[in-house]
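The primary structure of each chain is shown beneath.
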Amino acid sequence: MILCCQDDASPPALTDLCLTHVSQNLEWFCVKQADGSLCLREAVPFPQELADQLLAKMATEGLLNDSTVGVFRKWRYLRLRRACIRTARISAEAFQKALCPHKLVELDAARVNADLTISDILNGLATNKACQDSLQRLVLSGLTVSSLEEAGRFRSLRGLRSLSLANVEFYDAGLLDVCCLPRLESLDLSNTSVTNLRPLLGLRERLRSLTLHQLKETVSSQHLDIQLMTKQLARLTWAGQPAASRRVTDAAVKAFVEQRPGMTFVGLLATGAGFSDFLTGEGSLKVTGEANEVQVCEALRRYSEREGFVREALFHLFSLTHVMEKPRPDILKLVVLGMRNHPSTLNVQLAASACVFNLTKQDLATDMPVPLLAVVTHLLLEAMRTFPNHQQLQKNCLLSLCSDRILQEVPFNRFEAAKLVMQWLCNHDDQNMQRMAVAIISILAAKVCVCVR
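When you look at the packing of helix 9 (residues 293-302) against helix 10 (residues 307-320) in this model, what are you seeing that I'm missing?
Between two packed helices, the angle of one axis relative to the other and the distance separating the axes together describe the packing. It is the contact of helix 9 with helix 10, at a shortest axis distance of 9 Å, that shows an interaxial angle of 145°. As helix 9 runs across helix 10, the sense of the crossing is left-handed. On the side of helix 9, the interface is formed by Glu293, Val296, Ala299 and Leu300, while helix 10 contributes Val310, Ala313, Leu314, His316, Leu317 and Leu320.

Any chance you could explain the nonpolar core here in plain terms?
General note: in soluble globular proteins, nonpolar side chains tend to be found buried as a group. Membership of the largest hydrophobic core comes to 60 residues, with the highest contact counts inside it found for Ile85, Leu107, Leu138 and Phe154. Contributing elements (two or more residues each) for this core: strand 2 (38-40), helix 2 (48-60), helix 3 (92-98), helix 4 (118-126) and helix 6 (172-178). Sequence-distant contacts of Phe154, defined by excluding residues within four places in its chain, comprise Ile118, Leu122, Leu138, Leu140, Leu163, Leu165, Phe170, Asp177, Val178 and Leu181. Phe265, Phe309, Val356 and Leu420 belong to the second largest nonpolar core, which has 58 residues in total.

What exactly am I supposed to notice about the environment of Arg311 here?
For Arg311, the location among the structural elements is in helix 10. The exposure class assigned to Arg311 is partly exposed, which follows from its relative accessible area of 29%. Aside from chain neighbours lying at most four places away, what touches Arg311 is Asn347 and Val348.

When you look at the side chain of Arg306 in this model, what are you seeing that I'm missing?
The residue Arg306 is located in the loop between helix 9 and helix 10 in this model. Side chain to side chain, Arg306 and Asp188 meet in a polar contact 2.3 Å long. With sequence-adjacent residues up to four places away left out, Arg306 is seen in contact with Ala166, Asp188, Ser190, Thr211, His213 and His342.

Scoring rules and cut-offs
Residues numbered from 1 in each chain as written. Predicted model: local features only at pLDDT ≥ 70, side-chain atom pairs only at ≥ 80, totals over all residues. Heavy atoms only, no water. Axes fitted to C-alpha atoms, helices over the stretch in contact; angles between N-to-C directions. Helix = DSSP H or I, 4+ residues; strand = E, 2+ residues; numbered from the N terminus. Left-handed = near helix turned anticlockwise from the far one by under 90°. Contact = heavy atoms within 4.5 Å. Core = buried A, V, L, I, M, F, W, Y, C linked by side-chain atoms within 4.5 Å. Buried < 20%, exposed > 50% of the residue type's maximum accessible area, 1.4 Å probe, protein only. Polar contact = N/O pair within 3.5 Å; in protein donor to acceptor, adjacent residues only side chain to side chain.

Below, the structure written as structure tokens:
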């Protein structure tokens, strides 16, 4: 869900500023109920889309919990349609009371805390018959499965068109049930425990998007004949399979696509394929891969939540951006997306910080939008704080920070930055890096003193 779209060179949108203020100061507008949940003081109906954006804002900023989600219990005033609660920390009870009464069209519950399981979500949705018909998109990536009993419950979501079960311990029995959904058009089974894909053939008349990243070795050994899959298929991702991916050839992909003229996307990252002129990704057929900048950027855009593929794409992007002649804020935004989504993954942060340096070094930072550089600087400092003992990562971040544009014009917490750089300086004896660190601290200290005055 996108909260607000704006140019990086423009000030933040008023809507976004207001939502940030409300989400960060929710207690001012609420009273606390007996169970600890918050309830709005005034029963003022929100515009429906703003209610969706407020929920997403709270989830994104780590403010969504059993207490704050209570404001959405008054569903007549805060009506949700596209609910995003990803990475939130809420219980099954709070989820059912606050979200399940709404007539949802979409629910994105990717990577919520372990206290809220797939079974809890399906049980909660089952309490609202209208929601079973209205819900069209369900994202359960990275969730915990409390038992195998949930396998027979997906079929009750009769209106479901898109389902993501990536990174879930999901088995063959569950796939049989999923394939009974009468309107299912898009399915993501990446990194699941499914070993038999034959039930997918039952979807041949309506399946338009199929994503199969990193399936088990037993699936690859089946040599699934994807030629039997529906000719309605518009998007297919078969990237990074343990064995089968390395047997993918450009000729086979071309033959497959030519039999399906309606296809708009093929995922080939980490397959070794995608180097022919037919698969450049520059036309109507979008391609993720490692052959050129277009493919790599498409991979960063589509796989931003898959840390393995983000790292792989960033590795190739580093080589592509080694010699940059013009500022590329569009690419820097993609790097930011990967850094933000995987703050605790060292390999992602290491590759991303190297790419940031390539994209902002020397005069390249001069024409980058200040708000974008502010976000980048914040993420670099977070990476330094998260991995204080990784010398190469610290070097990458210091190299990027050593920029007159960033140090002089970009808004960020200079006091915290000075402490991090000072900490590095005290623990390392690389003379070249020490000189650079001293230069950074000198500028930061001067700016901090000016602010104090």
